[in-house]
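One-letter residues, chain by chain:
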Amino acid sequence: MPLTARQRSIHNKNGAKRATSFSKGKRKISEGEFLVTNAPSDLRTIAYPGGAVALALLLFARILSAYYGQIADCDETFNYWEPLHYLVYGNGLQTWEYSPVYALRSYLPLWLFAVPAKILSWFMTPITVFYSLRVLLAVLSSCAEFMFYKAVCHEFGVHVGRVWLMLTLPAAGMFMCSSAMLPSAWSSALISGALACWWRRRYPPAVLLTAASAILSWPFTALLGLPIAIDMLFIKRQVYDFMKWSVIALLVILLPTIAVDSWHYGKLTIAPWNIVAYNIFTEHGPTLYGVEPWTYYFVNGFLNFNVVWVYAVSCPLQLAACFVLAPRSTERAAFCAPYWLDLLPLALWLPVFMLQPHKEERFLYPVYSMIVLAGAVALDCLQKMTFAVGTELFRWRKERERRHYLSYTGPLMVICVLVAGVGGISRIAALYTNYHGPMTILRHLPPAPDHAQLNVCFGKEWYRFPSSFHLPQAYATRFISSDFTGQMPAPFAKGHNATRLIHPHFNEQNKGDNRTYLNPSQCHYLVDSDAGNPTTLQPFYHKDPSFEIVASVPILEATKSHQVLRAFYVPVLSSKNTVFANLYLLKNKLVL
């Protein structure tokens, strides 16, 4: 929306103040100069969402993801939803990372969600608690993205800000990340907030949020705080402030983390250090869980951001070309950091993780907002270069000094944004159509009889288990043998000290241990599918006369479906070129 007279006054006044405060001893920069270099020369011609509208749009998009998004990574279920379920209800599945022998995961961030979940559990069913927590995650993510949006408008100009907003709302990557119960997703919000505070020159919260991301969620995200440290230590020379707030962060965040984890594990525990040591200083590290080629993130980035990913990857080249073809348009206000420093978090993160043999989609979550920002900057550079070339070749030349580049390149921006939006919505529709079934299959379980303890078993479809929050009370999840030979979670022990007990079946070598498995005859209900071909350990249980089909939902058979049309939903074409199997909920007639 156009700026009001009061908003223009505040914008110009604040801009002039910042230009003066960061130019001590230098020539004073006029407000007109920074408006020309950092934003359109006539802000009244620029329509962009104000604060309330932007926040409302972000909340709407992210709450939709909380309700309609699926759990894309079984690590989210087993390492976060399950121990959270244990903290709230006293039962759930435990992984080896939570064994006191290894103590790789911290309980403190889980308690931040367990406290409200415990309160909600007094008057809500577990599944309602689950979706309430996802909405909470979505709201927190929206607030962090809103901070990021406001800071982008401040640091890069309102045009880049509005483009960022239009690109991030329908992005499939943001849809999946914003409500995920994963440390990398928490870091996505925390780092977005830290960068937003940094761009607004609010250094104390920038340092604290970076520390919170590194200590509470994922230690490796400390790398993303390096540009903030460079700015404070070497550019602004705020060594004392940096050290002071770093020490405060350690006292306020790290000490409580150590205290909570030491109590849970029954010994002195520094979980952030343990996960760093495991990933870096062990012989095998995470490679036991698979390795991927160097192209993995390029393909994954395109799936989650389509053309925005192409813009983002090409951003350095676009900026370099823009410096050559339209040098004046790349000038920035005195209060802005140089482009290389602003975009350094993404330039650091991508090469580091592309070089790691073990790759997962969630590893890029912390820089998802930066990927969209790099795409918006690249698109802005494309518009500037188009205008620069156009003024030389067409009649725009006579308007060059009086008109802004947006006057002629608006349609280009609209086309690019629409292509990105259609691609994002197409990807989201494909994810929901192809993979949402496991989120609903357990709704068909009946309430358990009084004082009964019933088992719901998973075999070859173990990775589709959504969480114990999806089970009615008195149900427990167990596993049966399958062709998968890796290590599976096991139920938490009974009692108040379950987190301190050491179980012999946990190991760090990803070796399966069938002592925790049940025999299919001991399962009251069984989740199975007719995907693939039956084997000795993976028969089609729905054809076994001892099991009765209670319900079924469709799941995609990826190997039998068209690669592009299973990745992006195209009306009519996708339905004709994708193949679905059935995921069954089976009832054991011999025990029920």
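Note that this is a predicted model, so its numbers are computed, not measured.

Calculation criteria
Residues numbered from 1 in each chain as written. Predicted model: local features only at pLDDT ≥ 70, side-chain atom pairs only at ≥ 80, totals over all residues. Heavy atoms only, no water. Core = buried A, V, L, I, M, F, W, Y, C linked by side-chain atoms within 4.5 Å. Buried < 20%, exposed > 50% of the residue type's maximum accessible area, 1.4 Å probe, protein only. Helix = DSSP H or I, 4+ residues; strand = E, 2+ residues; numbered from the N terminus. Contact = heavy atoms within 4.5 Å. Pairing = 2+ DSSP bridges. pLDDT = per-residue confidence, 0-100. Salt bridge = Lys/Arg side-chain N within 4 Å of Asp/Glu carboxyl O. 1 Å grid on protein atoms, 1.4 Å probe; cavity = no way out; pocket = protein on both sides within 12 Å on 5 of 7 lines; lining within 4 Å. Points joined across faces, edges and corners; volume = space filled by probe spheres on them. Nonpolar A, V, L, I, M, F, W, Y, C, P; charged D, E, K, R; others polar. Disulfide = S-S within 2.5 Å. Phe/Tyr/Trp six-rings, centres within 6.5 Å; stacked < 30°, edge-to-face > 60°. UniProt positions renumbered as here; feature names shortened; annotations may be inferred. Axes fitted to C-alpha atoms, helices over the stretch in contact; angles between N-to-C directions. Parallel < 35°, antiparallel > 145°, perpendicular 65-115°, else oblique.

Student: Describe the nonpolar core, listing the residues and the values that go with them.
Tutor: With 120 residues, the main nonpolar core has Leu84, Trp199, Phe305, Met370, Leu373 and Val377 as its most contacted residues. Per-element accounting of this core gives the leading share, 14 residues, to helix α19 (residues 368-393). Excluding residues that lie within four positions of it along the chain, phenylalanine 305 makes contacts with Ala171, Gly173, Met174, Tyr368, Ile371 and Val372.

Student: Residue-level account of the pairing of strand β2 (residues 454-458), with values.
Tutor: Of all five residues making up β2, five are buried, and the element is well covered by its neighbours. Side-chain alternation along β2 places Leu454, Val456 and Phe458 on one buried face and Asn455 and Cys457 on a second face that is also buried. Pairing of β2 with strand β3 (residues 475-479), which is carried by five bridges, proceeds in the parallel orientation. Looking at the pairing, asparagine 455 lines up with alanine 476 of β3.

Student: Go over the confidence of the model for the chain with me, naming the residues and quoting the values.
Tutor: Looking at the chain, the pLDDT average stands at 90 and 91% of residues meet or exceed 70. Of the regions scoring below 50 in pLDDT, residues 1-44 engages in 67 contacts with residues more than four places distant in sequence or in other chains.

Student: Help me get a handle on the pattern of salt bridges, residues and values and all.
Tutor: This structure, assessed with the given rule, holds twelve salt bridges. Here glutamate 97 and arginine 105 are joined by a salt bridge, their closest N and O atoms 3.6 Å apart. Comparing glutamate 97 with arginine 105, the two get one shared label, buried. Its salt-bridge partner being glutamate 360, residue arginine 362 comes within 2.7 Å of it at the nearest N-O pair. If you follow the salt bridges from partner to partner, you end up with Asp73, Asp75, Glu360 and Arg362 in one network.

Student: Summarise empty space enclosed by the protein; cite the residues concerned and give the values.
Tutor: Inspection of the entire model under this criterion finds six cavities of 30 Å³ or more. Taken together, Ser65, Gly69, Gln70, Ala72, Glu76, Arg134, Phe175, Met176, Ser179, Ala180 and Tyr365 make up the lining of the largest cavity. Within the lining of the largest cavity, the residues separate by chemical class into five nonpolar, four polar and two charged. Each pocket or cavity is described by its volume, and for the second largest cavity that value is around 70 Å³. What lines the second largest cavity is Ser141, Ala144, Glu145, Met174, Cys177, Ser178, Ala185, Ser188, Ala189, Ser192 and Ser369. For the lining of the second largest cavity, the secondary structure elements donating two or more residues are α6 (126-156), α8 (172-177) and α9 (183-199). The residue makeup of the lining of the second largest cavity, split by class, is five nonpolar, five polar and one charged.

Student: So, the state of the cysteines: which residues are in play, and what are the values?
Tutor: The full count for this structure, using the stated rule, is one disulfide. Note on cysteine connectivity: cysteine 457 is disulfide-linked to cysteine 523, with sulfurs 2.0 Å apart. On the sign convention where negative is left-handed, the bridge of cysteine 457 and cysteine 523, at about -95° about the S-S bond, is left-handed. Taken as a pair, cysteine 457 in strand β2 and cysteine 523 in the loop between β4 (490-491) and β5 (525-529) lie far apart in primary sequence, 66 residues in all.

Student: An account of the packing of aromatic side chains is requested, with residue identities and associated values reported.
Tutor: Each aromatic ring pair is characterised by the separation of its centres together with the angle its planes make. This model, assessed by the stated rule, comprises 41 aromatic pairs. On the basis of an interplanar angle of 70° and a centroid distance of 6.0 Å, the ring pair of tyrosine 68 and tyrosine 432 is categorised as edge-to-face. Remark: tyrosine 432 occurs in helix α20 (residues 406-435) and tyrosine 68 occurs in helix α3 (residues 51-68); sequence separation between them is 364 residues. Its relative accessible area of 44% is what places tyrosine 68 among the partly exposed residues. Look at tyrosine 432 and you get partly exposed, because its relative accessible area is 37%. Taken together, the ring pairs in this structure connect Phe78, Phe458, Trp462, Tyr463, Phe465, Phe479 and Phe484 into an aromatic cluster.

Student: Any chance you could break down the environment of leucine 190 for me, citing the residues and the numbers?
Tutor: Turning to its location among the elements, leucine 190 is positioned in helix α9. Overall, the relative accessible area of 22% leaves leucine 190 in the partly exposed class. The residues touching leucine 190, leaving out its near neighbours within four places in the chain, are Leu209, Ala212, Ser213 and Ser217.

Student: Pulling in residues and values, what's your account of the environment of alanine 277?
Tutor: Within the secondary structure, alanine 277 sits in helix α13 (residues 271-281). Here alanine 277 falls in the buried class, since its relative accessible area comes to 19%. When the C-alpha positions of alanine 277 and leucine 104 are compared, they lie 9.3 Å apart, and in sequence the two are 173 residues distant.

Student: Report on the UniProt feature "transmembrane region" (unreviewed entry) in the chain, specifying residues and quantitative values.
Tutor: Within this structure's numbering, the places UniProt gives as "transmembrane region" (unreviewed entry) are residues 46-64, 164-186, 206-230, 242-260, 308-327, 339-357, 363-382 and 405-425. Measuring from the first to the last C-alpha atom of residues 164-186 gives 20 Å, for a span that is 65% helix and 0% strand. End C-alpha to end C-alpha, residues 405-425 measures 29 Å, and it is 95% helix and 0% strand.

Student: Got a sec to walk through the sheet that holds β5? Specific residues and values, please.
Tutor: By definition, the strands of a sheet pair up through backbone hydrogen bonds, in either a parallel or an antiparallel sense. Spatial strand order, β3-β2-β5-β7-β6: five strands in an open sheet with mixed pairing. Since the sheet does not close on itself, it has two edges, and those belong to β3 and β6 (547-556), each with one partner. Direction aside, neighbouring strands of the sheet carry axes that sit 25° apart on average.

Student: Summarise the packing of helix α14 (residues 296-305) against α19; cite the residues concerned and give the values.
Tutor: Between α14 and α19, the least distance of the axes is 12 Å, while the angle of their chain directions is 80°. Here α19 runs roughly perpendicular to α14, going by the angle between their axes. Contacts between α14 and α19 involve Asn300, Asn304 and Phe305 from the first element and Tyr368, Ile371 and Val372 from the second. Taken together, the residues of the contact of α14 with α19 sort by class into four nonpolar, two polar and no charged.

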